[in-house]
Amino acid sequence: METELEKVVSWALELGLATGHADTLDDLLGELKPQIKQMQDELYGASEYKPGDLPPEGYQAWHDWAVVQRKAGIEQAKCVKCGKWRTPQELNGSVCKDQMCGEKSTG
Ligand SMILES: [Zn+2]
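Every value quoted in this text rests on a predicted model; they were computed, and no experiment measured them.

Visitor: Can you help me understand the overall build of the protein chain in this one?
Guide: Within the protein chain, the secondary structure is distributed over three helices and four strands. Scanning the protein chain from its N terminus toward the C terminus, one meets helices and strands in the order α-α-α-β-β-β-β. For a compact globule of 107 residues, the expected C-alpha radius of gyration is about 13 Å, and the protein chain comes in at 20 Å, more than 25% above that figure. Its C-alpha atoms put the protein chain at 65 × 30 × 20 Å along the principal axes. Sorting the 107 residues of the protein chain into buried and exposed places 8% on the buried side. Sequence-distant contacts in the protein chain: of pairs separated by 6 or more residues, those separated by 24 or more amount to 9%.

Visitor: What's the story with the environment of Leu13 in this structure? I'm lost.
Guide: Along the chain, Leu13 turns up in helix 1 (residues 4–14). Residue classification places Leu13 among the exposed residues on the basis of 11 C-beta atoms within 10 Å. In sequence terms Leu13 and Lys71 are 58 residues apart; their C-alpha atoms lie 24 Å from each other.

Visitor: Would you mind going over the environment of Asp53 with me for this structure?
Guide: On the secondary structure map, Asp53 appears in the loop between helix 2 (25–44) and helix 3 (59–71). Residue Asp53 is classed as partly exposed on the basis of its 14 C-beta neighbours within 10 Å. Linking Asp53 and Gln89, residues 36 residues apart in sequence, is a C-alpha distance of 7.2 Å.

Visitor: Help me understand helix 3, please; the structure alone is not making it clear to me.
Guide: Think of an α-helix as 3.6 residues a turn; residues three or four steps apart then line up on the same face. Taking 1.5 Å per residue, 13 residues should reach 18 Å; helix 3 reaches 18 Å between its end C-alpha atoms and fits that length. Positive backbone phi, at 80°, marks Gly73, one or two positions downstream of helix 3.

Visitor: Looking at this structure, how should I read the environment of Glu75?
Guide: With respect to the helices, strands and loops of the structure, Glu75 is situated in the loop between helix 3 and strand 1 (77–78). Counting along the chain gives ten residues from Glu75 to Trp85, while the straight-line C-alpha distance between them is 9.5 Å.

About the cut-offs
Numbering of residues starts from 1 in every chain and runs along the sequence as written. Since the coordinates come from a predicted model, pLDDT governs what is reported: local features require at least 70, and pairs of side-chain atoms require 80 or more to be given and counted, while whole-chain, interface and lining totals use all residues. Think of it this way: any DSSP run of H or I at least four residues long counts as a helix, any run of E at least two long counts as a strand, and we number them from the N terminus. C-alpha atoms define the radius of gyration in this analysis, and the globule rule sets the expected value at 2.2 Å times the number of residues to the power 0.38. Think of it as a crowd count around each C-beta: if 20 or more other C-beta atoms lie within 10 Å the residue is buried, if 12 or fewer it is exposed, and in between it is partly exposed, with C-beta placed from the backbone throughout. Any residue pair is listed as a contact if its two C-beta atoms, each placed from the backbone, are within 7 Å. By this rule the span expected of a helix is its residue count minus one, scaled by 1.5 Å.

Structural measurements only, silent on function.
Pasting the structure below:
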């Protein structure tokens with residue numbers, strides 16, 4: 001009969017995590033947490049942005065944000081009004097939440 005601890009250890013090993021010398025489930029989870037955090041940082045480039053965040057101002061910031069959204073598998077949809085591709089968090093139904101939606105860019 002597999003214990004809870006053994007179950008989590010084999011789960012962690014399957015994911016390639018180090019399980020250390022944890023004697024209890026709490027110890028083990030404490031060891032796994034920073035490893036999973038590090039994997040997230042690698043995946044998302046230690047970005048301050050998280051999937052589902054609204055886009056920031058500024059080109060570089062926006063780019064960092066967009067990478068996080070894409071890696072998280074967030075699919076963009078086309079705004080029916082302005083035709084720009086938007087993430088779900090930027091849309092209200094099928095139209096941008098942005099008040100500038102529909103206005104031509106002057107840049
Ligand atoms: Zn729009």
